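Here is how the chains run, residue by residue.
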Amino acid sequence: MNGVYSPFKLEHNWVSDFRLEQKKLLIKGDQIKINYNIEYFIEEIIKEDSLEIGDASVFIELEGISDKLDSLLTINLTMNGKFFYATSELLNRDVDYPKFPELLKINGVSNLIQLSRAYLTSVTSLSGFPAPIYLPMVNVYNLKEKVFYSK
């Protein structure tokens, strides 16, 4: 696997907060518009020998609105991940790898968003919804700029 192996790894992920409030029984044929808000946070990065360790969190808020502008449901999810960057694996390579904080903001957040998409689809398909909710694809580069400028 020359050239595609990454020293950046997701060690594990976990959900630290999940809330679903369904204000009305949804039935097939209900017209629902889903409003999304997604943000992320990067914890302090720790360096140990030839390893960098960091946590990232993705916060997702969804609100389902009826065609009469009534709030039908709200979902809040916080997905966390612990990431490692093995700098010792970079020593014998001619490839210039990005710095760990940048990898956390792009690759780490992308991974957590994909895990969140699967989690939300699974939960909403098991919660009596007429159809599962699918989180749309997210442009993480634009999300990074949004989070940067909101601080």
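Criteria and cut-off values
- Residues numbered from 1 in each chain as written.
- Predicted model: local features only at pLDDT ≥ 70, side-chain atom pairs only at ≥ 80, totals over all residues.
- Heavy atoms only, no water.
- Helix = DSSP H or I, 4+ residues; strand = E, 2+ residues; numbered from the N terminus.
- Buried < 20%, exposed > 50% of the residue type's maximum accessible area, 1.4 Å probe, protein only.
- Lys, Arg positive; Asp, Glu negative; His and termini not counted.
- Salt bridge = Lys/Arg side-chain N within 4 Å of Asp/Glu carboxyl O.
- Contact = heavy atoms within 4.5 Å.
- Phe/Tyr/Trp six-rings, centres within 6.5 Å; stacked < 30°, edge-to-face > 60°.

Draft legend 1. View of the side chain of E52. Here E52 shows up in strand β4 (residues 51–66). It is K47 that comes nearest to the buried, bridge-free E52 among opposite-charge side chains, at 4.4 Å. Excluding residues that lie within four positions of it along the chain, E52 makes contacts with I45, I46, K47, F83, F84, Y85, T87 and F100.

Draft legend 2. Seen up close, the environment of K82. Structurally, K82 can be placed in strand β5 (residues 71–86). The class of K82 is partly exposed, set by a relative accessible area of 22%. Sequence separation between K82 and G54 is 28 residues, and the spatial gap between their C-alpha atoms is 5.9 Å. Not counting residues up to four positions away in its chain, the partners in contact with K82 are K9, L10, E11, H12, W14, I53, G54 and D55.

Draft legend 3. Broad picture of the packing of aromatic side chains. As enumerated under the stated definition, the model contains four aromatic pairs in all. The interplanar angle of 75 degrees and the centroid separation of 5.5 Å between the aromatic rings of F18 and Y119 together place this pair among those described as edge-to-face. Of this pair, F18 sits in strand β1 (residues 8–22) while Y119 sits in helix α1 (residues 100–125), placing them 101 residues apart in sequence. Here F18 falls in the partly exposed class, since its relative accessible area comes to 28%. Relative accessible area serves as the criterion here: at 28%, Y119 is assigned to the partly exposed category.

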